[in-house]
Amino acid sequence: MNLPADLWAKVLSLMEEEMTPTAINTWFDDATPVALESDRFVLHTPTNFKRDIITSRYLPNIQKALHELFSADFEVVVLGEGELEGYGRKKNDDVFLPGTEEYTFDRFVVGASNKFAHAAAQAVAEQPAQTYNPLFIYGESGLGKTHLLYAIAHKIHRNHPDYRIVYIKGDSFTNELIQAIREGRNPEFREKYRSADVFLMDDVQFIAGRESTQEEMFHTFNTLYEAGRQIVFTADRPPKEMLRLDDRLRTRFEWGLPVDIQPPDYETRVAIIKNKAIRRGMNLPDPVLQYIAENITSNVRQIEGTVNKILAFQELMGESVDVDTVTRAVRDMFKDKAEFLPSPEIIIDEVSKFYNIDVEALRGQGRTKDTALARQIAMYQIRRMTNLSLKEIGKEFDNRDHTTVMHSIDRIEKLTKQSPEIAEVIKDINANINARYE
C-alpha cells in the first residue's frame, strides 16, 4: 500500500469538487506525493514555475482537503526542479524523543471532552513558563494525556532547539532514584532533572506514598520553579485525590492550572477513527465508522488498536472492510473488561513492582512489614480479579493453606474500608494491571 499516493488521490478527488478539471490537469497532472509526515504533506512538481503557482494559488485547497480527511491541520511543502533529491538526502541524525514523532498537536483530534486541556497545552508549548506553571493534566487511561505531553515537548523543541527537555514517567523516576542511591550517583541524578529547561512527568500518581521519591520531587520542583522552568505533569486523578501524596507536593501541583480530559463524545470518536484510518491508508465506510464509535466509548488507545487490527485483518485476509468483517476482526476488543481475567503471575508482578520487592520474596516466607502487606494485597487482588479458589491462591505463595489466604483477604478488605491510603494503593495496582490489557 502506497500511503502518500493513495492519500494524494483522495486529496485530488476532494479538490475536484471546488476546482475546474482544467486547473487540476494544468497544475497537478505531473505532481507526485513525496511524504506524509507528522504534520506536513510534501508534494513534488517538476518545474519551479508550477511549484510557485501551486504555492501561491492552491495551497489552501490542498490544506482544506487534508483537514477534511484527517480533522487536523497540515503544512504543505511543494518541491520544485532539483529539490527532490536534496529533500531525500536530508536526514536528522539527532532524533528527538524517538518513537513519539506522531504525537503532535496537529495529530490530536480536538473535541468538547479535551478542548480545554488541548488549549492549555498549546499555550504552555508556545510560551514555556510564561502562562501555566505547572500544568497538571489528569484523566483516565487512554484519553490522550501522554499525547499532549509529547506534543508540548515537540513544539518547544521545534521553537527552542537549545532547550533541554526531560521526559520521565513517575515509576521510572522512582526506579532511577533507587538505582542512583545504590550506586552513589545522587549528584548525577539531581543534575539530570534539576537542570532541565522543561520537565515533563507522565503518571505522577506513582510517586505518591514513596517517601524518598517525594522528597526528591519536592526539591526538584522547587529548583525548577524558582529558576523559571516549565513543569508539566499528567495523572489519572487530580492532586486533591492523591491521598498518599505529601501535602506540600499537592499544594505545588495545584499552583498552576489543573485541567482534566474526559472520554470523547460520539462525534469526536468518529473523527479520531477516521483520522487514524486514513493515516494508515484505509478509507472506512460510514457504517464501519459508526459501528466502532458506538462500541468503543471511552479509550482512544483502544480505538487505535482497533484500527490497526482491522488493517492487519484486511492485509492478511484480503477482504473488503464492512461491518461484518470488522465484527469478526475485532470482536474480542468489544468484550466487557470483566471477561478478561489477569493471570496470578501478572498480579503478583505488578504488586512486586509497586512495592519494589522481588517476586520470589513476595511469593516466599519473607516477614518484613512491607513484604507481608504486599503479599496480602496480592492475595486479595488475585481473589478479586481471577476465578482461583483459596487453595489455588495459596499454591501461588509457597503452598500457604487456605486459612492464611482467607485471613489475608479479610485484613485487606478491612483496611480498604478503614484506610483511604490503602484503598488508593489498590486503585493504583488495579490501573497497572488493567493497563497491560489495553
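Everything below is about the structure shown above.
The structure presented is a predicted model; accordingly, all values stated were derived computationally and were not measured. (Residues numbered from 1 in each chain as written. Predicted model: local features only at pLDDT ≥ 70, side-chain atom pairs only at ≥ 80, totals over all residues. Heavy atoms only, no water.)

(A) Layout of the sheet that holds strand β8 (residues 257-260). Overall, parallel pairing links the five strands, which are arranged β5-β6-β7-β4-β8 in an open sheet. Whereas interior strands pair on both sides, the edge strands pair on one side only; in this sheet they are β5 (165-169) and β8. Within this sheet the neighbouring strands show an average axis-to-axis angle of 15 degrees, counted without direction. As judged from the four bridges shared by strand β4 (residues 135-138) and strand β7 (residues 230-235), these two strands associate in the parallel manner. Across the sheet, the residue bridging to Y138 is A235, located in β7. The sheet contacts of helix α6 (residues 145-159) involve β4, β5, β6 (198-202) and β7, and relative to β6 the element is tilted by about 165 degrees. Its contacts with the sheet put helix α7 (residues 170-183) on β5 and β6, and the angle it makes with β5 is roughly 95 degrees. (Pairing = 2+ DSSP bridges. Helix = DSSP H or I, 4+ residues; strand = E, 2+ residues; numbered from the N terminus. Axes fitted to C-alpha atoms, helices over the stretch in contact; angles between N-to-C directions. Contact = heavy atoms within 4.5 Å.)

(B) Layout of the pairing of β4. With four bridges joining them, β4 and β8 adopt parallel strand pairing. Looking at the pairing, F136 lines up with P258 of β8.

(C) Summary view of the packing of helix α17 (residues 369-385) against helix α20 (residues 420-435). One can describe the packing of α17 onto α20 by two numbers: an axis separation of 11 Å at closest approach and a directional angle of 60 degrees. Classified by the angle their axes make, α17 and α20 are oblique. By crossing handedness, the relation of α17 to α20 is classed as right-handed. On α20, the residues touching L373, I377, Y380, Q381, R384 and M385 of α17 are I422, V425, I426, I429, N430, I433 and N434. Of the residues assigned to the contact of α17 with α20, the class counts are nine nonpolar, three polar and one charged. (Parallel < 35°, antiparallel > 145°, perpendicular 65-115°, else oblique. Left-handed = near helix turned anticlockwise from the far one by under 90°. Nonpolar A, V, L, I, M, F, W, Y, C, P; charged D, E, K, R; others polar.)

(D) Up close: the sheet that holds strand β3 (residues 75-79). Spatially, the three strands line up as an open sheet ordered β1-β2-β3, and their pairing is mixed. The two strands at the open ends of the sheet, each matched to only one other strand, are β1 (32-36) and β3. With strand direction ignored, the average angle separating the axes of adjacent strands in the sheet is 25 degrees. This element, helix α3 (residues 48-70), spans β1, β2 (40-44) and β3 of the sheet and lies at about 140 degrees to β3.

(E) Representation of the packing of helix α5 (residues 115-126) against α6 in the model. Two numbers describe how α5 lies on α6: the axes approach to 8 Å, and their chain directions differ by 25 degrees. One finds that α5 runs roughly parallel with respect to α6. Between α5 and α6 lies a crossing of right-handed hand. Contact residues: A117, H118, A121, Q122, V124, A125 and E126 in α5; L148, I152, K155, I156 and N159 in α6. Tallied by class, the residues present in the contact of α5 with α6 amount to seven nonpolar, three polar and two charged.

(F) Seen up close, the pairing of β6. With five of five residues buried, β6 lies mostly within the body of the structure. Judged by which residues are buried, β6 turns out to be covered on both faces: V198, L200 and D202 on one side and F199 and M201 on the other are all buried. Bridge analysis of β5 against β6 gives five bridges, and the strand direction is parallel. Opposite I168, over in β6, you have M201 as the bridge partner. In the sheet, β6 pairs with β7 via four bridges, with the strands oriented parallel. Residue L200 lies in a different strand from β7, and its bridge partner there is V232. (Buried < 20%, exposed > 50% of the residue type's maximum accessible area, 1.4 Å probe, protein only.)

(G) Main features of the pattern of salt bridges. For the coordinates displayed, the defined rule picks out 22 salt bridges. Where D197 meets R229, a salt bridge forms, and the shortest distance between an N and an O atom there is 3.9 Å. Here the residue D197 occupies a position in the loop between α8 (186-194) and β6, and R229 occupies one in the loop between α9 (211-226) and β7, the gap between them amounting to 32 residues. Its relative accessible area of 21% is what places D197 among the partly exposed residues. Owing to a relative accessible area of 23%, R229 belongs among the partly exposed residues under this scheme. One salt bridge connects D349 with K353, and the closest N-O pair in it is separated by 3.4 Å. (Salt bridge = Lys/Arg side-chain N within 4 Å of Asp/Glu carboxyl O.)

(H) Structural detail: unusual backbone geometry. A cis amide bond links N133 to the next residue, P134, at an omega of 0 degrees. Examined against the element boundaries, P134 turns out to sit in the loop between α5 and β4. For D203, which is not a glycine, the phi torsion comes out positive at approximately 55 degrees. Summarising the element assignment, D203 is placed in the loop between β6 and α9.

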